[in-house]
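So the chains spell out like this:
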Amino acid sequence: MSQEYDITLKISRYDPDTGRSWIQDYHLKAGRILRFVDLFRQINDEQDPTLAWSSSCEHAQCGTCGMKINGKPLLACELLVKNAVELFETHTFRVEPLTIAPVIRDLVVDLEKAYDRIHLVKPYLIAPAPPHPDGDEYRISPRVLKTYEEATRCINCFCCSTACVTTQRNYLGPNAMLANIVRIMDPRETAEKERLDVLHGENGTPRCRTARACSFVCPKEIDIAHFIALAKEGAFRRSL
Amino acid sequence: MRSIKLASELKIDSVLKPEVLVIGAGGAGLRCAAEICERRPGTSIIAVTKVHSPQKSHTSTAQGGMAAVDPKDPIDRIVYHMFDTWKGSDCSADQNIIKAVCESAWEQIVWLERHGMHFSRTEEGRIAKRPFGGHMLNFGQVKAFRSCYEADRTGKGIMDTVWGESLKHGVVFLNQSVATELLFRNGRCVGAVVLMEQNGKFVAILAKATVMATGGKTRMYQVSTNCRQNTGDGLCLILQAGLPVMDLEAVQFHPTGIVGPGILASEALRGEGGILRNKDEEPFMERYAPTAKDLAPRDVVSRCIMTEIREGRGCVHPDHKLPHVWLDLRHLPEYIHKTRILEVCGFFRKFVGVEPRHELCPVTPTAHYQMGGAPTNEFGEVQKDARQIVPGLYACGEFAAATLHGHNRLGTNSLLELITMGKVVGERVTAYIEHAENPGDIPKDAGSRIFSRFSGYLEANGQEHYAKIRDALRVLMMDKVGVFRNEKGLTEAIEELKMLKDRARRLELSSRSLVMNQDLIQFWELDHLLDISMVIAQSALARKESRGAHYREDYPERSPEFHYHTLAYMTDCGNITLDKRDIDMSIFEAKGEHYEKFGIIERKY
Ligand SMILES: Cc1cc2nc3c(=O)[nH]c(=O)nc-3n(C[C@H](O)[C@H](O)[C@H](O)COP(=O)(O)OP(=O)(O)OC[C@H]3O[C@@H](n4cnc5c(N)ncnc54)[C@H](O)[C@@H]3O)c2cc1C
Ligand code: SF4
């Protein structure tokens, strides 16, 4: 029947009211297929209601519960206890907030600050091409769409940015790069020059060291490094 | 930082004065904001959201698609879409809304596409369309290809597009902030009090027009597809202001939630040939619906699953300890698994550790959607009774009941409602703020209602346990106010809800900080869940018939006597006043072509 594990979570805590930071250990019995978000809820319910953490959809579609577990940035809603035990070969897990933005409390980071990077690349059509003469939608062949469709799946969980070796200050970060690249490859966008300037500007491609950590951690399995490589080569095919 | 000692320290910290306040930055709220910006560039708009970024709103999780009849389609017609919606609603949608939404559907799809949404495409490069439950040609004859989609992430496509447009036009976002009280002056809504969780400050936002679009509310059910934030806050703000809510008894249960977390396993799985089986692996839908079988409408399939479970032919999940049946996908060809249902099957792998190619998948009905909400007219103006509106207050999206869905919603009609009604409200608000007076200074009693609530939480010191009350509520609602309802169960539920409400007054807070205090916010949300559950139960008790998703075992048929919308007022929990609103039958009454299809018709599939 259902198996239980004895789990220890070593969670980074931060109290904004006193400015104190510490690591707190929680011991719990956890079912095989509980998700890490369920473990946090269990801690809130049974041990410590003050532990703060974020989530929303809890099935890997919104990218709110990104955090570092044993050093790996991932979505806590996607990690089942049994998989974590197999993956990290331990029953003790170090749980830390993403390092991409300041911590508000415990595991909750100020994602709004992280989003500033996305805003810089303007995640919309800056200057849409004139509409199709028929008056309805643009025509985009499935083959053209396919060249960048993968990149549209990004949910801005910032796991890649956290993993990226150079991200912290000056680099836009893998996901902001991706958001820009999508619109460069999107045949409906005409503001190509503005976009390329940002892409290759001082916070763009020159900062990437091709370590590929981004592709390695992406929960959506997007090959971000592939798109950044395309960008470096200037190898975008565009046609409506 | 903001840790407070005494409840009397609660105060309004600052005042903001945009022209428009949008409460809820999901698909509906931001489609509305984008419309205002396009029509009247430079309008100052503040949009408030409970999540970290608008992009994290629940709209982003919608998978299937958005219904719209393409005028270039040689066989589909708008009147068929209108008919399907009317029939699906079990004759309780409003026909003026059906007409407005279905007629503007394609135009709104094109709007999204021109603003950059990444729709899936046909070989010719046009927007691709697929069939979806309940959408048919020729008044219910054969399935229609009417659902426009972006792979299995249509909601995300919409969300990214309207969020992008709002950013482009300079809408200001207050993220991780909760609207806690609506503000009024002489009956006109002039804004709201908002708590910004990241710094613990209360801000009064005074605006000429306030748009509410806070989405759904089904977190009071044990198994639910809804996100953690869907706790009915918006509806409670409406109730606390003495305004009515409509048709709350109509809660849609999706038949196939993944047992445990309740995650939606799309209808597409059955569309591709998936079969429901009971504990003995019998394909039981053949017994209940010999023709439609596994593809019968959502409410019908949910009831069949619950019947199997009740009669002892369900299973119990060893980990989650919840009853369920099986969804069998093992016989589907490898290419279907690989291409068409990869992502959804991934949910079974990821969240319950099951491999759908070789193993049976555990599913159970899951609370999914609220058909009811804040009553509005066809312009999204919130109503204070069956006839009059509240000046300055608007609503759209799942939060609003205009109503397109009546007592049962068709798949893909909700996303459509967000963008069509979002636009209508944007248009209306633009016209209103052009001549409306400024909201003036902050009303004297601003904050008094929320501060007295918060004082209650801060001062309470009982022995009750938050999680126990929350869990008891969820089980109660699932058992007695769920897929099946009857007088005895509903009456018991109302009594138990009163007791739970009482217990919730004896909780003790773990911390008195106002900054990102999850405990405090959860107490506040629990109050909302209890209040809304009370309205659902009372409205369900009063509707002594079965209609759409509202099913009474003691009154299994639809009855002409209940051909109206339920309006419910409740300023303090349990003290409910019920009223009625007419169902709009304007298509039928206009006596145009095919009007007879829009009378009181049978709902048979
Ligand atoms: C898993 C799933 C799949 C679905 N698939 C489909 C589909 O294929 N087709 C279809 O038509 N429909 C589908 N639906 C339904 C549809 O997605 C929703 O009805 C719709 O997205 C709701 O949009 P909204 O803009 O009204 O609300 P939401 O997107 O939920 O946005 C609500 C906003 O209000 C904010 N908010 C809430 N409370 C407060 C508060 N107190 N203060 C401030 N802000 C607040 C939230 O943070 C959020 O920003 C699906 C639903 C689910 C759950
Ligand atoms: S690219 Fe992947 S890891 Fe990076 S933000 Fe997007 S979804 Fe997350």
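Worth saying up front: this structure is predicted, and the values here are computed from it rather than measured.

Visitor: Sorry, what's going on with the overall build of chain B here?
Guide: Secondary structure assignment for chain B yields 16 helices and 25 strands. For chain B, the C-alpha radius of gyration of 23 Å lies close to 25 Å, the compact-globule estimate for 605 residues. Considering only C-alpha atoms, chain B reaches an extent of 65 × 55 × 50 Å along its principal axes. Once local pairs closer than 6 in sequence are excluded, the contacts in chain B between residues at least 24 apart make up 74%. For chain B, the centre of its 77 positive side-chain charges and the centre of its 78 negative side-chain charges are spaced 2 Å apart.

Visitor: What am I meant to see in the site of ligand 2 here?
Guide: With respect to spatial proximity, 13 residues lie near ligand 2, and among them Cys154(A), Cys157(A), Phe158(A), Cys160(A) and Cys218(A) are the closest. When residues of the shell around ligand 2 are traced back to their parent elements, those giving at least two are helix H5 (159–163) and helix H6 (174–185) of chain A.

Visitor: What am I meant to see in the site of ligand 1 here?
Guide: All names here are of chain B. Around ligand 1, the structure places 37 residues, and the nearest of them are Ser57, Thr59, Gly64, Glu398 and Leu415. With respect to ligand 1, the side chain of Ser57 contributes an N or O atom lying 2.7 Å from an oxygen atom. Within the contact set of ligand 1, an oxygen atom lies 2.5 Å away from a side-chain nitrogen or oxygen of Glu398. Burial of ligand 1 by the surrounding chains reaches 97%, relative to a free accessible area of 1000 Å². Looking at the shell around ligand 1, the elements with two or more residues in it are helix H1 (27–39), strand E10 (177–185), strand E19 (361–370) and helix H11 (413–435). No other element matches H11, which puts 4 residues into the shell around ligand 1. Its residues placed into classes, the shell around ligand 1 shows 13 nonpolar, 20 polar and 4 charged.

Visitor: What exactly am I supposed to notice about the domain arrangement of chain A here?
Guide: Buried accessible area, meaning the area lost when the parts come together, often serves as the stated size of an interface. Residues and elements named next belong to chain A. Split by domain assignment, chain A resolves into domain 1 (4–109) and domain 2 (115–232). In this structure, domain 1 and domain 2 have C-alpha centres spaced 29 Å apart. With 14 residues of domain 1 at the contact, the number on the domain 2 side is 15 residues. In this assembly, domain 1 packs against domain 2 so that about 1100 Å² is buried in total across both faces, 62% of it on carbon and sulfur atoms. Across the contact surface, domain 1 and domain 2 share 0 salt bridges. Along the contact surface separating domain 1 from domain 2 lie 1 residue pair in polar contact (both at pLDDT 80 or more). Of the residues forming the side of domain 1 that touches domain 2, the biggest block, 4 residues, is contributed by strand E4 (residues 72–75). Classifying every residue of the side of domain 1 that touches domain 2 by side-chain character gives 7 nonpolar, 4 polar and 3 charged.

Visitor: How do you make sense of the domain arrangement of chain B when you look at a structure like this?
Guide: Residues and elements named next belong to chain B. Assigned domains of chain B: these are domain 1 (12–250 + 371–435), domain 2 (254–368) and domain 3 (448–574). Contact residues are listed per partner, giving 51 residues for domain 1 and 45 residues for domain 3. When domain 1 packs against domain 3, close to 4300 Å² is buried across both sides, 62% of that on carbon and sulfur atoms. Looking only at domain 1, the three residues that lose the most surface to domain 3 are Met220, Tyr221 and Glu249, adding up to 17% of its buried area. Taken together, the connections running from domain 1 to domain 3 amount to 3 salt bridges. In this structure, Glu249 and Arg543 form a salt bridge, with 2.7 Å as the shortest nitrogen-oxygen distance. Run the count over domain 1 and domain 3 and you get 24 residue pairs in polar contact (both at pLDDT 80 or more). Residue assignment for the side of domain 1 that touches domain 3 shows that the elements contributing at least two residues are E10, strand E11 (188–196), helix H5 (233–240) and strand E14 (245–246). Among the elements that take part in the side of domain 1 that touches domain 3, E10 stands out by supplying 6 residues, more than any other.

Visitor: Looking at this structure, I do not really get the sheet that holds strand E13 (residues 209–212) of chain B. What am I missing?
Guide: What holds strands together in a sheet is hydrogen bonding between their backbones, with the strands either parallel or antiparallel. Residue and element names in this part refer to chain B. On the basis of which strands lie adjacent, the open sheet formed by 6 strands has the order E9-E3-E2-E13-E22-E21 and mixed pairing. Looking at strand neighbours, the two that pair on one side only are strand E9 (172–174) and strand E21 (381–383), the edges of this open sheet. Strand-to-strand twist in this sheet, taken as the mean axis angle between neighbours without regard to direction, amounts to 35 degrees. When strand E2 (residues 20–23) meets E13, the two strands line up parallel, connected through 4 bridges. Counterpart to Val20 in the pairing with E13 is Ala209.

Visitor: Before we go on, may I ask you to explain unusual backbone geometry in this structure?
Guide: With the exception of glycine, the majority of residues adopt a negative phi angle, and the majority of peptide bonds are in the trans configuration. Residue Thr403(B) is reached from Ala402(B) by a cis peptide bond, and omega for that bond is 5 degrees. Following the sequence through the fold, Thr403(B) ends up in the loop between strand E23 (400–401) and H11. The phi angle at Asn70(A) is positive, at roughly 45 degrees, despite the residue not being glycine. Its place among the elements puts Asn70(A) in the loop between strand E3 (66–69) and E4. At Ala151(B), a residue that is not glycine, the phi angle is positive and equals roughly 40 degrees.

Visitor: Explain the sheet that holds strand E4 (residues 66–67) of chain B to me, please; I cannot follow it from the model alone.
Guide: All names here are of chain B. Read from one edge to the other, the open sheet built from 3 strands follows the order E4-E8-E5, with strand pairing classed as antiparallel. What marks the edges here is a single partner per strand, and that holds for E4 and strand E5 (129–130). Both E4 and strand E8 (residues 147–148) contribute to a ladder of 2 bridges, which runs antiparallel. Bridging across to E8, Met66 finds its partner in Cys148.

Visitor: In this structure, what is going on with the interface of chain B and chain A? I would like to understand it.
Guide: Listed per partner, the contact involves 64 residues of chain B and 70 residues of chain A. Summing both partners gives a buried area of about 5700 Å² for chain B against chain A, and 51% of it is carried by carbon and sulfur. Contact with chain A buries area across many residues of chain B, yet His52(B), Lys56(B) and Arg114(B) alone supply 13% of it, more than any other trio. Across the contact surface, chain B and chain A share 10 salt bridges. Arg188(A) is the salt-bridge partner of Glu113(B), the closest N and O atoms lying 3.2 Å from each other. Counting across the chain B and chain A interface gives 42 residue pairs in polar contact (both at pLDDT 80 or more). Broken down by secondary-structure element, the contributors of at least two residues to the side of chain B that touches chain A are helix H3 (95–114), helix H4 (154–168), helix H10 (342–352), helix H13 (466–480) and helix H15 (518–542) of chain B. Of the residues that constitute the side of chain B that touches chain A, the class distribution is 20 nonpolar, 23 polar and 21 charged.

Visitor: Before we go on, may I ask you to explain the packing of H13(B) against helix H14 (residues 487–504) of chain B in this structure?
Guide: Two packed helices can be described by the angle between their axes and the distance between those axes. All names here are of chain B. In the contact formed by H13 and H14, the axes pass within 10 Å of each other and the chain directions differ by 170 degrees. Relative to H14, the element H13 is oriented roughly antiparallel. Where H13 abuts H14, its residues Lys468, Ile469, Ala472, Leu473, Leu476 and Lys480 lie against Gly489, Leu490, Glu492, Ala493, Glu496, Leu497, Leu500, Arg503 and Ala504. The residue inventory of the contact of H13 with H14, partitioned by class, reads 9 nonpolar, 1 polar and 5 charged.

Parameters at a glance
Once a new chain begins, its residue numbering starts again from 1 and follows that chain's sequence as written. The naming scheme follows written order: chains are lettered A onward, ligands numbered 1 onward. The predicted nature of this model means local features are confined to residues of pLDDT at least 70 and side-chain atom pairs, given and counted, to a pLDDT of 80 or more, with totals for whole chains, interfaces and linings taken over all residues. Derived side-chain values reflect all non-hydrogen atoms in the structure, with water molecules and hydrogen atoms excluded from consideration. Put simply, DSSP marks the helices as runs of H or I at least four residues long and the strands as runs of E at least two long, and each gets a number from the N terminus on. Put simply, the radius of gyration uses C-alpha atoms, and a globule should come to 2.2 Å times the residue count raised to 0.38. Only heavy atoms enter the contact rule, under which two residues are in contact if any of them lie within 4.5 Å. In this tally, Asp and Glu contribute negative charge and Lys and Arg positive charge; neither His nor the terminal groups of the chain are included. Charge positions come from single atoms, namely NZ of Lys, CZ of Arg, CG of Asp or CD of Glu. Any residue with at least one heavy atom within 4 Å of a molecule or strand is counted as near it. The definition of a polar contact used here is a pair of N or O atoms within 3.5 Å, where within protein one atom must be able to donate a hydrogen and the other to accept one, and adjacent residues in sequence count solely through side-chain atom pairs. Computed with a 1.4 Å probe, the accessible areas rest on the Shrake-Rupley method; for each residue, only the protein chains presented here act as cover. As a working rule, the residues Ala, Val, Leu, Ile, Met, Phe, Trp, Tyr, Cys and Pro are called nonpolar, Asp, Glu, Lys and Arg charged, and the rest polar, with Gly in that last group. Note that the domain bounds were set by an automatic or database domain assignment. Buried area is understood as the total, over both parts, of accessible area removed when two parts are fitted together, assessed with a 1.4 Å probe. For this document, the term salt bridge refers to a Lys or Arg side-chain nitrogen within 4 Å of an Asp or Glu carboxyl oxygen. A pair of strands is labelled paired if DSSP reports no fewer than 2 bridges between them. Think of each axis as a best-fit line through the C-alpha atoms, taken over the contacting stretch in the case of a helix, with angles from 0 to 180 degrees between the N-to-C directions. Oblique is the label for any angle not under 35 degrees, not over 145, and not in the 65 to 115 range, which are roughly parallel, roughly antiparallel and roughly perpendicular in turn.

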